[in-house]
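# Architecture at a glance
The primary structure of each chain is shown beneath.
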Amino acid sequence: MPMIIVEGLRKSIRNGARTVDILKGLDFTIPQGQFVAIMGASGSGKSTLLGLLAGLDTPSAGNVHLNGTAISYLPEDKLAQVRGKAIGFVFQSYQLIPTLTALENVLLPHELNADSRENGLGRARDLLRSVGLGDRMDHYPVQLSGGEQQRVALARAFILRPPIVLADEPTGNLDSTNGAHVLELLLNLNRTEGTTLVLVTHDPVLAAYANRRIVLRDGLIIADEMNPNPAAAPREAVLTEG
Amino acid sequence: MAALSYRSAAKIAAREMHSSRGKFFFVILSVAIGVAALTGVRGFSTSFRSTLLDRARSIMAADLSARMFQQPTPEQEKGLDEIAASGVEITPVTELLSMASSAKTLDPLLVSLKAVDPAKYPFYGEVELSPAMPLKTVLNADSVAVADDLLVRLNLKVGDQLKIGTQLFRIASVVVNEPDRLSGSFAAGPRVMISREGLEASGLLAPGSRAGQRYLFKVPRPRSGAPISDKAVADLKARLEKLLPEAQIIDYRETNPALTQGLDRATSLLSLMSLVALVLGAIGVAMAMRAHLQQRLDTIAIMKSLGARSGQVIKIYLLQTLLLGAAGGVLGVALGIGVQRSFPFLLAKLIHVDTELHLQLSTVLTGLAVGILTTLLFTLPPLLDIRGVRPILILRRAVEDNDDPFVTGIRRKITKNVAQLGAALLILAGLAAIATTLSDSVLVGQVFSLGLVGVLGVLLAASAAVLAGLRFFLSKTRLHLPSSVRHGLANLYRPGNPSAALLAALGMGVMQIMTVYLVQKAVVSELHISAAPNLPNVFLIDITNDEIGGIRALLKSQHSVTAEPELLPVVSSRVVEIDGVSADKAKLKNFPRRMLRTISLSWSAAAPTGTNVVAGKWWAPDEKGAVVAVEQRQAQRLGVHVGSHITFAAQDKQIVATVVALMKPDGQHAYSRAEFVLPQAALAGLPVVWYGGVHVNPDHVGELQRALYAAFPTVTVINVAQALETVRSVVIQITYVIQFLAAFSIFAGVIILASSIAGTRYRRIREVVVLKTLGATRRRIATVFSIEFAVLGLVAGLVGVLFANLIARVLLTRMTVAYHFEWGWSLGGLLGTAALTMATGWVASHRILGRKPLEVLREE
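These figures come from a predicted structure and were not determined experimentally.

Helices and strands together make up the secondary structure of chain B, namely 24 helices and 21 strands. Residues counted as buried form 56% of the 860 residues belonging to chain B. Taking the contacts inside chain B whose residues are at least 6 apart along the sequence as the reference set, 83% of them involve residues at least 24 apart. Total accessible area on chain B is roughly 36,500 Å²; 60% of this is exposed by carbon and sulfur atoms.

Shown next, in the form of structure tokens:
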């Protein structure tokens, strides 16, 4: 069964008297373990699509199924549970909680969603070490560079071992070195864990690493093609399980 | 289901507070100011009221007085002993008329004798003697203290002998002032104070003598040291009324209507101010928490995107709210105690009373509880709003509707969101409950609670309507307006700008402040009238009809007489029938039947000065029929009302008079002594004696007494200047305290409003940055914001001032105080609000203008 199913997805917003159609009807499926890049120019609806896939927003029509569950019209609390357990999200602007340390940020999804018997703290520490931040666990986001903050966000996204990871321009705010490192970590996860990875980007270089490219324009899919020869990972990177 | 532990929630809550200490201090301060105002005002007013009531007690020299017209029966004596055994102190005061003479003059003089137990009397206040000394050292079995009028008339001095009854007494001192002079009888004859042993020795108390007996009662103070409660006095009064059915029992509050009125109004006003402080504090909290949660939207959205349920997020911020409420409450109570202690120092120049300050635990706990409760209540709506925060905010910041999200939210909340509606009702119910508990005045508690419910709803609707109207105006005139004006007005509809909420909060705050101001101004104005310096302070007794012309001329010629004299004609009569029932069978309440045989009638063409008609209507000046206006309390005792018929008999004439009005005197004028007033024509031909009241410069009363005695030796002069001065000074003190506390409440309210406005500054930061980046000058940005602030302030001021006048009118009407629309102050309130909004907005925002855009963005 596909990991992600999108059926007749539409999204419109009202702006005063006007209605703006952002997504005009999308249909596609993503099998487990696939790495999909969603591309398009600014205003094409990429981020909106990602938000709908993550259950962060409600479509105007259509539905999204994640791992067999139709999520689009679930009550907010149920949706929160799905988000917490099934999806890891990586934002372009990191979106760390500024008043929590790196360790606490990584631990937060565990505190919100997991069974208390699991040793979240140990796993959080291991994850931070694996992204190279073993000595910065007690630092606050304001004390970390952009690349370091994004690595914390990555670790946070993985703490509950989600089957799906969604990333919105994860390297958009990073320099090339940090960007490469973050991409490496993501790709490694996709390959070693079989995590389904959906990545929104406008950068064709980034998209070259994906198995499949879906291109949006004006709210519609204009291209959906497999990439038979995805680019190799920038360098070896390890994101090991704790 | 996994739950966010309290420990984790508390950690996140505390960590946020620690990282944004400055912003949270603002919230704590808002709570603290509200609680401080509440604790300070309430605490001080409770202490002051207690001191005031002690002074009021001195006017009766007791808590209660029972005027008896015959000796108590053995059962009644037993009842009084039981009362004494329960801790109540009792002392008798006997008053009677007698003749006194001296060896120096041939003619004896009618004197007003007052026998007291100097060891106990007076329970409150002091008898002022000249030379000054305690009463108990002056009065013993063979000495007396006399009024200076007696010395004048009998040509005596201190140390001389005076014969009373069969006994000779030494004049030991001059009575300058008795604390209960006003509540005693105004009998003819100068005052002579004598001990009870002296009275026994004089032989005057033979069986059948017409001595008036008063028992004075003092309720024991509670062991805690708290003031004597009104309930304790009322309970004893009820007990005495049952024990002594023929006695007139009055409590200290009834001795002087002006004072009673002053105290009642002070209570109402002080309650009002406490409640206003409470609501203002709550407004400050609500606005601060709202602004705080607005800034937390990103964090809340992130947490939700990570899988946090609304309940988990609410838990975090609920804990934060509790911490803020508790911190604000503690700080507020500490500030309030400081305020309470500073009041006497600040007022020392205006009022000369040592206010005993008890640190009342109940006031402290109330302040703390109210602080936490109002914080919780008023943060419920923004907390519940967390449920509506959509995680998509992280990806897309655009707000979909151009409608004011708050108003849209209100509609949505009412139609779809039972929880928010429930929260709103809970807030109102909670505030009403707090108001009713805090209020010492049922009237104020009721009006306030109901007013709050109605006014809040109307204010929100009015604010939304005004904004809609402005937007309509803008849509029609858009391009014709200067761009900065257009921009400033459009800011009111900035997406996410809760203009309606801020307007409602500001409007409510202005309304509260103006209401306090308007009500206290009207009450103080009336109190000043009732404590006017030219009210009669010397009374003339037993002026015959032949003497009245001469008296008028003499008073006119005296420079020390500073106002027109008030002259009261009195016709002696008796009551024969009440509503067809003969006097010996009529049902009376706390009124001895034999008193119906000595009734005084007066006449007046119109309601006399200082007398209010409380039921019915006064007659026309040319009325010739037999109608009567009866003093309210007297009417209650006789069981009559408007429409009743009373048959009076005077000489051999019978007058069947219909009661057309009930009247309530203010106790300050000569006519205050009149209990039955008829048209002059009804009393034509009957013998008349006159009583007069004049205002005399207190330093020249002696001169007037001598002049009157020389020309009219049979006219008695009763000098109550000192006693009235006590009443007057108490009433004036009430006015000072009311004004001072009103000013404090207003000041606190202004600070709270300012903090609410300042809390909106964070939304402007990004706008300023963008404008500057686009090339806008500081002057241009300043103009845009000034227009926004000014319009906000004017609209809030208009709504607030209008409702303030409405509420003030209702409250004042129910307090029977005249209401006048104050154009000047209302306009001042309107413009003041606009000025305050602009000034505060600028003080809070000016720093942003001077900084580089990137600096600001980085900090954000």
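Next comes the rest of the account.
Each partner contributes to the interface: chain A provides 35 residues, whereas chain B provides 29 residues. Summing both sides of the interface, chain A and chain B together bury roughly 2,900 Å²; the carbon and sulfur share of this comes to 59%. Applying the counting rule to chain A against chain B returns 3 salt bridges. Salt-bridge contacts for Lys11(B) lead to Glu111(A); the nearest nitrogen and oxygen are separated by 3.7 Å. At the surface where chain A touches chain B, the tally comes to 4 residue pairs in polar contact (both at pLDDT 80 or more). Elements with a minimum of two residues in the side of chain A that touches chain B: β1 (4-15), α1 (46-53), α2 (76-86) and α3 (102-113) of chain A. Taken together, the residues that form the side of chain A that touches chain B break down as 14 nonpolar, 11 polar and 10 charged.

This brings us to a nonpolar patch on the surface. Residue and element names in this part refer to chain B. On the surface, a nonpolar cluster with roughly 250 Å² of combined accessible area is contributed by Phe25, Leu331 and Leu335. Position of Leu335 among the secondary structure elements: in helix α10 (residues 310-347). With a relative accessible area of 39%, Leu335 lands in the partly exposed category.

Take α2(A) next. Those residues of α2(A) not exposed but buried are Leu79(A), Ala80(A), Val82(A), Arg83(A), Gly84(A) and Ala86(A). Those residues of α2(A) that are buried lie in contact with β4 (61-66), β6 (87-90), α3 and β7 (164-168) of chain A together with α9 (297-305) of chain B.

Attention now goes to the pairing of strand β2 (residues 89-101) of chain B. All names here are of chain B. Pairing between β2 and strand β9 (residues 212-218): 7 bridges, direction antiparallel. Paired with Val93 across the bridge in β9 is Arg214. Where β2 and strand β3 (residues 109-116) come together, 7 bridges link them in antiparallel fashion. Paired with Glu95 across the two strands is Lys114, which belongs to β3. With 2 bridges joining them, β2 and strand β6 (residues 161-164) adopt antiparallel strand pairing. Bridge pairing links Ala100 to Ile164 in β6.

With that out of the way, let us pick up the packing of aromatic side chains. All told, the structure shown has 7 aromatic pairs over all chains when counted by the stated rule. With a centroid separation of 4.5 Å and an interplanar angle of 25 degrees, the aromatic rings of Phe89(A) and Phe91(A) are classed as stacked. In terms of burial, Phe89(A) and Phe91(A) fall into one category: buried. Over the ring of Tyr252(B) we find Arg57(B); its NZ or CZ atom is 4.3 Å from the centre of that ring.

So, about the sheet that holds strand β3 (residues 35-40) of chain A. Residues and elements named next belong to chain A. Taking strand neighbours across the sheet as the criterion, the 6 strands line up as β6-β7-β8-β3-β9-β10 in an open arrangement whose pairing is mixed. Of all the strands in the sheet, the pair left with one neighbour each is β6 and β10 (220-226). In this sheet, neighbouring strand axes are inclined to one another by 15 degrees on average, regardless of whether the strands run parallel or antiparallel. Of the pairings in the sheet, the one linking β7 to strand β8 (residues 196-200) comprises 5 bridges and is parallel in character. Note that in β8 the partner of Leu166 across the bridge is Val198. Against the sheet, α2 contacts β6 and β7, and its axis sits at roughly 80 degrees relative to β6.

The subject of this paragraph is the packing of α3(A) against helix α5 (residues 146-158) of chain A. A pair of packed helices is characterised by two quantities: the angle between their axes and the separation of those axes. All names here are of chain A. Direction vectors running N to C along α3 and α5 enclose 30 degrees, while the axes themselves pass 7 Å from each other. It follows that α3 is roughly parallel to α5 by the angle criterion. At the point where α3 passes α5, the crossing takes the right-handed sense. Packed against α3, whose contacting residues are Ala102, Asn105, Val106 and Pro109, the element α5 presents Val152, Ala155 and Arg156 at the interface. In terms of residue class, the contact of α3 with α5 is made up of 5 nonpolar, 1 polar and 1 charged.

Let us now look at the side chain of Arg123(A). Relative to the helices and strands, Arg123(A) is located in helix α4 (residues 120-130). Looking at Arg123(A), the relative accessible area reads 10%, which means it is buried.

This paragraph deals with the nonpolar core. Ranked by internal contacts, the top residues of the largest apolar core, which has 75 residues, are Leu272(B), Met273(B), Leu489(B), Val519(B), Val523(B), Ile738(B) and Leu741(B). Of all the elements in the fold, those that place two or more residues in this core are α2 (21-58), α8 (257-295), α10, α14 (442-477), α16 (499-530), α20 (721-758) and α22 (778-814) of chain B.

The bulk of non-glycine residues show a negative phi, and the bulk of peptide bonds are trans. Residue Pro122(B) is reached from Tyr121(B) by a cis peptide bond, and omega for that bond is -5 degrees. Looking at the element boundaries, Pro122(B) is found in the loop between β3 and β4 (128-130). A cis amide bond, omega 0 degrees, links Ser130(B) with the succeeding residue Pro131(B). Here Pro131(B) is to be found in the loop between β4 and α4 (135-138). Even without being glycine, Glu169(A) reaches a positive phi, approximately 45 degrees. Looking at where Glu169(A) falls in the secondary structure, it is placed in the loop between β7 and α6 (176-193).

What follows concerns α3(A). The element α3(A) is extensively covered by neighbouring structure, given that 12 of its 12 residues are classed as buried. Along α3(A), the residues classified as buried are Ala102(A), Leu103(A), Glu104(A), Asn105(A), Val106(A), Leu107(A), Leu108(A), Pro109(A), His110(A), Glu111(A), Leu112(A) and Asn113(A).

Below, the discussion takes up the pattern of salt bridges. In total, this model carries 19 salt bridges over all chains according to the counting rule given. Among the ionic pairs, Glu104(A) bridges to Arg15(B), the shortest N-O distance being 2.6 Å. In this pair, Glu104(A) sits in helix α3 while Arg15(B) sits in helix α1 (residues 6-19), so the two residues belong to two different chains. Note that Lys231(B) and Asp235(B) form a salt bridge whose closest N and O atoms lie 2.9 Å from each other. Note that Lys231(B) and Asp235(B) are positioned in helix α7 (residues 230-243) at a spacing of 4 residues, about one turn of the helix. Where salt bridges share partners, they join Glu95(B), Lys114(B), Glu178(B), Asp180(B), Arg191(B) and Arg214(B) into one cluster.

Residues and elements named next belong to chain B. Along the chain, Thr837 turns up in helix α23 (residues 823-849). Here Thr837 falls in the buried class, since its relative accessible area comes to 0%. When neighbours within four sequence positions are excluded, Thr837 is seen to be in contact with Leu506, Ile757, Phe789, Leu792 and Gly793.

Cut-offs used in this document
- Residues numbered from 1 in each chain as written.
- Chains lettered and ligands numbered in written order.
- Predicted model: local features only at pLDDT ≥ 70, side-chain atom pairs only at ≥ 80, totals over all residues.
- Heavy atoms only, no water.
- Helix = DSSP H or I, 4+ residues; strand = E, 2+ residues; numbered from the N terminus.
- Buried < 20%, exposed > 50% of the residue type's maximum accessible area, 1.4 Å probe, protein only.
- Contact = heavy atoms within 4.5 Å.
- Areas by Shrake-Rupley, 256 points an atom, 1.4 Å probe, with all protein chains shown as cover.
- Buried area = accessible area lost by both parts, 1.4 Å probe.
- Salt bridge = Lys/Arg side-chain N within 4 Å of Asp/Glu carboxyl O.
- Polar contact = N/O pair within 3.5 Å; in protein donor to acceptor, adjacent residues only side chain to side chain.
- Nonpolar A, V, L, I, M, F, W, Y, C, P; charged D, E, K, R; others polar.
- Patch = residues over 30% accessible without salt bridge, like charges linked within 9 Å, V, L, I, M, F, W, Y side chains within 5 Å.
- Pairing = 2+ DSSP bridges.
- Phe/Tyr/Trp six-rings, centres within 6.5 Å; stacked < 30°, edge-to-face > 60°.
- Lys NZ or Arg CZ within 6 Å of the ring centre and 35° of its normal.
- Axes fitted to C-alpha atoms, helices over the stretch in contact; angles between N-to-C directions.
- Parallel < 35°, antiparallel > 145°, perpendicular 65-115°, else oblique.
- Left-handed = near helix turned anticlockwise from the far one by under 90°.
- Core = buried A, V, L, I, M, F, W, Y, C linked by side-chain atoms within 4.5 Å.

What is shown is where atoms sit, not what they do.
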